[in-house]
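This is what each chain is made of:
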Protein chains: 2
Amino acid sequence: MHITYKGDYALKTILALSLHYGSGPTTIHDLARRADIPIKFLEQILLDLKRGGFVESRRGKVGGYLLSRPPQRIKLGEVVRFIDGEVEPIACVDNKYKGCKDISKCVFRNIWQDVARATFKIVDNITFEDLAKKEKKLHTALTYQI
Amino acid sequence: MHITYKGDYALKTILALSLHYGSGPTTIHDLARRADIPIKFLEQILLDLKRGGFVESRRGKVGGYLLSRPPQRIKLGEVVRFIDGEVEPIACVDNKYKGCKDISKCVFRNIWQDVARATFKIVDNITFEDLAKKEKKLHTALTYQI
DNA sequence: TGTATACTCTACTAACATAATAGAGATTAT
DNA sequence: ATAATCTCTATTATGTTAGTAGAGTATACA
Ligand code: FES
Ligand code: FES
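Criteria and cut-off values
- Residues numbered from 1 in each chain as written.
- Chains lettered and ligands numbered in written order.
- Predicted model: local features only at pLDDT ≥ 70, side-chain atom pairs only at ≥ 80, totals over all residues.
- Heavy atoms only, no water.
- Contact = heavy atoms within 4.5 Å.
- Buried area = accessible area lost by both parts, 1.4 Å probe.
- Salt bridge = Lys/Arg side-chain N within 4 Å of Asp/Glu carboxyl O.
- Polar contact = N/O pair within 3.5 Å; in protein donor to acceptor, adjacent residues only side chain to side chain.
- Helix = DSSP H or I, 4+ residues; strand = E, 2+ residues; numbered from the N terminus.
- Axes fitted to C-alpha atoms, helices over the stretch in contact; angles between N-to-C directions.
- Parallel < 35°, antiparallel > 145°, perpendicular 65-115°, else oblique.
- Nonpolar A, V, L, I, M, F, W, Y, C, P; charged D, E, K, R; others polar.
- Near = heavy atom within 4 Å.

Engineer: Would you mind showing me how to read the interface of chain B and chain A here?
Structural biologist: You'll often see interface size given as the accessible area lost when the parts meet. Contacts between chain B and chain A engage 41 residues on the former and 41 residues on the latter. Carbon and sulfur atoms supply 70% of the area that chain B and chain A bury against each other, a total of about 3500 Å² over both sides. When the buried area of chain B at its contact with chain A is split by residue, V107(B), F108(B) and W112(B) rank highest and sum to 17% of it. Run the count over chain B and chain A and you get 0 salt bridges. Linking chain B with chain A are 5 residue pairs in polar contact (both at pLDDT 80 or more), by the criterion used here. Put simply, the parts of the chain that give the side of chain B that touches chain A at least two residues each are α1 (5-19), α4 (76-84), α5 (109-123) and α6 (128-145) of chain B. Per-element accounting of the side of chain B that touches chain A gives the leading share, 9 residues, to α5(B).

Following this line, the structure appears as structure tokens:
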């Protein structure tokens, strides 16, 4: 698994929309400013997320983006997989790798599958509701700290 | 973590040398043929592995490559890290990522660290002796099967 | 119905990484 | 000597990443 800038931006955007869930749409401009993402890049990412069924959009004045599902029903792993592709460390786990003549004779395959499973266990058990809660706590903690 | 062709080839080469440990050098040509690796590519990989302290070479006739340590002292994770770089899913875990203004405010960081730790736990607990044993068993099993 | 505000879509590009390939050079056993 | 083998630097083709550019479409509301 490798998280690209695009992937990271997507996650931050879904998190921002999660914090705003139930309170109307947020504009691209707003999302870009809050997470420090190049606006034209974010436009594309949001269109991808829309095609992936993660967000909905409203056009025109008072438009913007909203989550199409509540945050507790969006898992971290779903978004990562959709934007950055497979979570596996090598494509042979998913049969897209040509380096091994015979997969059944490869001692590495099971290891990469173990790594993949360990990763799934983490990213598929965290929802954006969990992340939103963490974010709120973190913000409170930092405020008190100052 | 993403295993490239180069990384996979390096692992297969170290495994081949592990199986041959204690019986003199193996030539590039031999290693390339056995693991089906482009020979000129493998030349470079072996030079890298030499610089990394994993293998030694003998030049001239009766030359070739040998492991510079016994297989039980070479861990899978060492080779992966050396050839394919950090095992972390995003460079921010290692402070090379510019996407997060303030790492202390990022709810994702701990998650990527968890993924990294889970991966370490696997790849840093497997030695090439383990892999060589697995390979031998696999070969025996397949031979009996036929 | 005009217009400002916002999303939509396609194309393009610079920089970098990957997976090799090419070829001349250095070393050693026999 | 010479054949076999490793050594080193350059080059290249292909693909991916991280954007940028610009014209187009929809909607609220005065
Ligand atoms: S089948 Fe995946 S590395 Fe061999
Ligand atoms: S610090 Fe790693 S994604 Fe924010």
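Engineer: Would you take a moment to explain the packing of helix α1 (residues 5-19) of chain A against helix α3 (residues 39-51) of chain A for this structure?
Structural biologist: All names here are of chain A. At their nearest, the axes of α1 and α3 sit 10 Å apart, and the two run at 70° to each other. Classified by the angle between their axes, α1 and α3 sit roughly perpendicular to one another. Every residue of α3 that contacts α1 at K6, Y9, A10, T13 and I14 is listed here: F41, L42, I45, L46, D48 and L49. Across the contact of α1 with α3, the residue classes tally to 8 nonpolar, 1 polar and 2 charged.

Engineer: Please explain the protein's contact with DNA strand C as it appears in this structure.
Structural biologist: The immediate surroundings of DNA strand C are formed by 27 residues, with K50(A), R59(A), Y65(A), K40(B) and Q44(B) found nearest. One nitrogen or oxygen atom from the side chain of R59(A) is found 3.5 Å from a sugar or linking oxygen belonging to DNA strand C. The contact in question runs from a base oxygen of DNA strand C to an N or O atom on the backbone of K61(B), over 3.4 Å. Within the residue set of the surface near DNA strand C, elements represented by two or more residues are α3, β1 (55-58) and β2 (64-67) of chain A together with α1 and α3 (39-51) of chain B. With 4 residues, the single largest contributor to the surface near DNA strand C is α3(A). Partitioned by chemical class, the residues of the surface near DNA strand C number 8 nonpolar, 10 polar and 9 charged.

Engineer: Sorry, what's going on with the protein's contact with DNA strand D here?
Structural biologist: Around DNA strand D sit 27 residues in total, of which K40(A), Q44(A), K50(B), R59(B) and Y65(B) are the nearest. Among the atoms of DNA strand D lying within 4 Å of the protein, the sugar-phosphate backbone contributes 66%. One nitrogen or oxygen atom from the side chain of Q44(A) is found 2.4 Å from a base oxygen belonging to DNA strand D. Within the side chain of S57(B), an N or O atom sits 2.7 Å from a phosphate oxygen of DNA strand D. Taken together, the elements giving at least two residues each to the surface near DNA strand D come down to α1 and α3 of chain A together with α3, β1 (55-58) and β2 (64-67) of chain B. Considering every element that reaches the surface near DNA strand D, the biggest residue donor is α3(B), with 4 residues. In terms of residue class, the surface near DNA strand D is built from 8 nonpolar, 10 polar and 9 charged.

Read these as layout, nothing more, since geometry by itself doesn't imply function.
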